[in-house]
Amino acid sequence: MFALIVHRVFWLVPTLLVISIISFVIIQLPPGDYLTSYIAALEETGQTVDYERVEALRQRYHLDRPMSLQYLYWMGGIVQGDLGMSFEWNRPVRDLIGERLMLTMVISISTLLFTWALAIPIGIYSAVRQYSWGDYTFTFVGFIGLATPNFLLALIFMYVGFTFFDVSPGGLFSEQYEDAPWSIGKFADLMRHIWIPVIVIGTAGTAGLIRVMRGNLLDELQKQYVITARAKGLPYWKLLFKYPVRVALNPLISTIGWLLPTIIGGEIIVSVVLGLPTTGPLLLNALMNQDMFLAGSMVMVLALLTVIGTLLSDILLLWLDPRIRYEKK
Amino acid sequence: MTDEKQQPDPKEPESVASPEAPPDVLTASQWKLMWWKFRKHKLAVWAGFLLLVLYFVAAFCEFLAPYPLDYRDVDYAYAPPQPIRLVSEDGIHLRPFVYAIEGERHPETRRKIYTENTDERLTVRFFVRGESYRFWGLFETDWHLFGVEDGGTVHLLGTDSLGRDLLSRILYGSRISLTIGLVGVTMSFVLGLAIGAISGFYGGWIDNLIQRFIEIIQSFPSIPLWMALAAALPDTWSPLQIYFGITVVLSLIGWTGLARQVRGKILSLREEDFTTAAVLGGTGQWRIMWRHLLPSFMSHIIVSLTLAVPTMILAETALSFLGLGLQPPVTSWGVLLTEAQNVQAVAAQPWLLTPVFFVIIAVLAFNFLGDGLRDAADPYSK
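Undergrad: Help me get a handle on the overall build of chain A, residues and values and all.
TA: Regarding its fold elements, chain A presents 16 helices and 2 strands. Across the 329 residues in chain A, those meeting the buried criterion constitute 46%. Considering only contacts in chain A between residues 6 or more positions apart, those separated by 24 or more positions represent 71%. As presented, chain A carries roughly 17500 Å² of accessible surface, and 66% of it is formed by carbon and sulfur atoms.

Undergrad: Lay out the layout of surface pockets with the relevant residues and their values.
TA: A volume near 500 Å³ is recorded for the second largest pocket. Along its surface, the second largest pocket is lined by 22 residues, and Ala 231, Leu 233, Pro 234, Asp 235 and Gln 327 of chain B are the ones closest to its centre. Mapped by element, the contributors of at least two residues to the lining of the second largest pocket are helix 15 (279-288) of chain A together with helix 6 (222-232) and helix 7 (239-269) of chain B.

Undergrad: Summarise the side chain of Thr 141 of chain B; cite the residues concerned and give the values.
TA: Residue and element names in this part refer to chain B. Looking at where Thr 141 falls in the secondary structure, it is placed in strand 5 (residues 139-147). We classify Thr 141 as buried; its relative accessible area is 14%. Within polar-contact distance, the side chain of Thr 141 engages the backbone nitrogen of Trp 143 at 3.3 Å. The contact partners of Thr 141, leaving out residues within four places of it in the chain, are Glu 131, Ser 132, Tyr 133 and Phe 135.

Undergrad: Give a detailed account of a negative patch on the surface, specifying residues and quantitative values.
TA: Residues and elements named next belong to chain B. A grouping of Glu 89, Glu 102, Glu 104, Asp 119, Glu 120, Glu 149 and Asp 150 is seen on the molecular surface, where their side chains present a negatively charged patch. When contributions to the negative patch are tallied by element, the ones reaching two or more residues are strand 2 (91-105) and strand 3 (112-123). Structurally, the position occupied by Glu 104 is in strand 2. The exposure class assigned to Glu 104 is exposed, which follows from its relative accessible area of 60%.

Undergrad: Let's hear about helix 4 (residues 67-79) of chain A: which residues, and what values?
TA: Residue and element names in this part refer to chain A. Here helix 4 spans 18 Å end to end across 13 residues, near enough to the 18 Å set by a 1.5 Å rise per residue. Listing the buried residues of helix 4 in full gives Gln 70, Tyr 71, Trp 74, Met 75, Gly 77 and Ile 78. Down the axis of helix 4, the smallest arc covering the buried residues is 160 degrees, so these residues share one side. Facing away from the buried side of helix 4, by more than 90 degrees, are the exposed residues Leu 72 and Val 79. The inward-facing, buried residues of helix 4 abut helix 1 (2-28) and helix 16 (292-320). One or two steps after helix 4, the chain reaches Gly 81, where phi turns positive at roughly 85 degrees.

Undergrad: How would you summarise the packing of aromatic side chains if you had to cite specific residues and measurements?
TA: Applying the stated criterion to the full structure yields 20 aromatic pairs over all chains. With a centroid separation of 5.6 Å and an interplanar angle of 65 degrees, the aromatic rings of Phe 24 of chain A and Tyr 71 of chain A are classed as edge-to-face. Residue Phe 24 of chain A is located in helix 1, and its partner Tyr 71 of chain A is located in helix 4; the two are separated by 47 residues in the primary sequence. The residues Phe 24 of chain A and Tyr 71 of chain A share a single accessibility class, namely buried. Each ring, one from Phe 24 of chain A and one from Trp 74 of chain A, has its centre 5.4 Å from the other, and the planes form 35 degrees; the classification is tilted. On the criterion of sequence distance, the pair formed by Phe 24 of chain A in helix 1 and Trp 74 of chain A in helix 4 is long-range, its members being 50 residues apart. What makes Trp 74 of chain A buried here is its relative accessible area of 4%. Taken together, the aromatic side chains of Phe 56, Phe 60, Phe 135 and Phe 139 of chain B make up a single cluster linked through ring pairs.

Undergrad: How would you summarise the environment of Asp 160 of chain B if you had to cite specific residues and measurements?
TA: Residues and elements named next belong to chain B. Tracing the sequence through the fold places Asp 160 in the loop between strand 5 and helix 4 (166-202). Remark: the alpha-carbon pair of Asp 160 and Gln 349, spanning 189 residues in sequence, is separated by 8.6 Å. Residues in contact with Asp 160, not counting those within four places in the same chain, are Ala 77, Tyr 78, Arg 169, Glu 339 and Leu 352. Here Arg 164 takes part through its backbone nitrogen, which lies 2.8 Å from a polar atom of the side chain of Asp 160.

Undergrad: Which residues make up the nonpolar core, and what values do they have?
TA: With 158 residues, the main nonpolar core has Phe 297 and Leu 326 of chain B as its most contacted residues. Looking at this core, the element that brings in the most residues is helix 9 (residues 285-322) of chain B, giving 16 residues. Ignoring any residue separated from it by four or fewer positions in sequence, one finds Phe 297 of chain B in contact with Leu 193, Val 262, Lys 265, Ile 266 and Leu 269 of chain B. One finds Ala 127, Val 128, Met 213 and Leu 252 of chain A within the second-largest nonpolar core, a separate group that totals 16 residues.

Undergrad: Please provide a residue-by-residue account of the pairing of strand 1 (residues 85-88) of chain B, values included.
TA: All names here are of chain B. Inspection of the sheet shows strand 1 paired to strand 2 by 3 bridges, in the antiparallel sense. Bridge pairing in strand 2 places Val 87 opposite Ile 92. Counting the residues between successive antiparallel strands, the hairpin from strand 1 to strand 2 contains 2 residues.

Undergrad: Outline helix 2 (residues 42-59) of chain B, listing residues and values.
TA: Residues and elements named next belong to chain B. For helix 2, with 18 residues, the first-to-last C-alpha span of 26 Å sits near the 26 Å given by 1.5 Å per residue. If you check which residues of helix 2 are buried, you get Ala 44, Ala 47, Gly 48, Leu 51, Leu 54, Val 57 and Ala 58. Contacts from the buried residues of helix 2 go to helix 1 (30-40), helix 3 (61-64), helix 4 and helix 12 (354-377).

Undergrad: Give me the lowdown on the environment of Arg 39 of chain B, citing residues and values where you can.
TA: Residues and elements named next belong to chain B. Positionally, Arg 39 belongs in helix 1. Classification of Arg 39 by relative accessible area gives partly exposed; the value is 28%. For the pair Arg 39 and Val 53, spaced 14 residues apart in sequence, the C-alpha to C-alpha distance is 18 Å.

Rules behind the numbers
Residues numbered from 1 in each chain as written. Chains lettered and ligands numbered in written order. Predicted model: local features only at pLDDT ≥ 70, side-chain atom pairs only at ≥ 80, totals over all residues. Heavy atoms only, no water. Helix = DSSP H or I, 4+ residues; strand = E, 2+ residues; numbered from the N terminus. Buried < 20%, exposed > 50% of the residue type's maximum accessible area, 1.4 Å probe, protein only. Contact = heavy atoms within 4.5 Å. Areas by Shrake-Rupley, 256 points an atom, 1.4 Å probe, with all protein chains shown as cover. 1 Å grid on protein atoms, 1.4 Å probe; cavity = no way out; pocket = protein on both sides within 12 Å on 5 of 7 lines; lining within 4 Å. Points joined across faces, edges and corners; volume = space filled by probe spheres on them. Polar contact = N/O pair within 3.5 Å; in protein donor to acceptor, adjacent residues only side chain to side chain. Patch = residues over 30% accessible without salt bridge, like charges linked within 9 Å, V, L, I, M, F, W, Y side chains within 5 Å. Salt bridge = Lys/Arg side-chain N within 4 Å of Asp/Glu carboxyl O. Lys, Arg positive; Asp, Glu negative; His and termini not counted. Charge placed at Lys NZ, Arg CZ, Asp CG, Glu CD. Expected span 1.5 Å × (residues − 1). Arc of directions from axis to C-beta. Phe/Tyr/Trp six-rings, centres within 6.5 Å; stacked < 30°, edge-to-face > 60°. Core = buried A, V, L, I, M, F, W, Y, C linked by side-chain atoms within 4.5 Å. Pairing = 2+ DSSP bridges.

Listed below in structure tokens is the structure:
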């Protein structure tokens, strides 16, 4: 197992290098850069353009150099923990991401807890009472939950909330707490607002997890050892939770690592629709405005977290489920 | 996976045949067995039928839609849906009708308030002449499936901010939304099949290189990648170019999973007896590949393709909704939904949300169909 981890970590380095190149190329794909679109925007509104300042900016961020050199400058910064500057915000990228990270994490973790709290019991119920009335209901609702894209669900929620409950579900805070320092009142306000994004983001995941949980548990319940344990006189519920459920929980562990990228990426589209102050809308904006260091660094960080997350899940699985073997041929 | 070969197990024909199946189940071809098995999945059959209807609508939308795509009823902006009725105060009518609507500006908010004029019944007629359009861009005609007499309006799902009929726009939008998934899937299919086949067939360092490359692509979070690529499409492109640009973007990620499946199948099938027999018989590599290996896992490929279509439909909807995908005047369901971004607009004009239901129905239908096909793909299993 140790050899495997070393092998995987060794592969991490070239993978990340290629990822960083691809990220950089993608960000550079649109013609022009932030400064050209900045000049165009100024000229369109009839304002004077300070060409000296633009030229200074261009030199400061090495935009006048060839692309390969620009990449090296950018990479050099990242290795030292400097993610570059955002043109649009005129602030370091690290601060911008950091600011919004806390709320993104709160939403992601709440969503995860919501998903598990709902999906695990329902999945177990559906498997144990297969083809019962309740199983059919959950299956049907689950399919609809899977088919409805998150952002459309967000739209429907906003409509229902606005028309029938007279609350505007956008954002995470009421107006008076928007810029207020943290207090019990602000926390309570957050709790009042957070359930909508949590439900909206969590629905598809819950539906998917119910299907997986049900399928896995059904497979386990048919196995020989369940019959043997029953024949020995082990009570049904004790047996259920001691063996098959534990095995069926594997997919939860194998996906726990994917949590890492969602902590930063959040549900980008849902966040845009609901106007959440998370990292998602920041990325969208950066992409649309060719704010290249902000966008590039965010895509890079997301990819990095996905790779590390997958590695962590694999290691966790290996550790928790001794039946899994990664054999090398 | 020995059950891939065309030898039905004579011991369990019952599990394969539907109750009314003829006794020739032992001699039926693999495709026939699949069809019988598929037929047993009622939900999937219905979903398949529904999809046929949807694609039929998409194909003939010019004729089926009561108005052309960009026809503007200037006096009827944000008009509410006019439901089809059979019952009026005078009793039951044999021919369906809608009530005429009249708009009046609210004295303070200046918003137009529409009321139904129950005195004026507009009979819905079939095969009527209306606004002219070019059918498939080939010839000019003005026949529509249904409509009302001249001067009346029939907006079954209401109108948008410019007074364009929402039902007509949804029907036209289905043409884009439903085909973009198919085109994208075809592209990932070609890419995935070719690269997966090369990887599995040649093995060695080529295989290793391709697999590492796939891992790297898969380690990119898909939505940010989609967004970044879609944002990179130049503004100067024509709508058609953007359409193909978006499908390429969508299929760029889809092919990796397929390539892995193809590779896995080829790796296992390469060791099968029938491959060895073909090799011993002096069959060429390409012939073995296309004639012997490919047909054995074709059904599985079709299943994964069916399940990939809804993902692409959703991705297109999401990108267009964000303004990164297709742009007006091209009309897809996602583009239509951009009007519903504002809560106030949706609260005042809830019918703007109707494209959502078309998206959900199409996606559900593809999922159910894929589910049924997955069961049918392996007709020898229980």
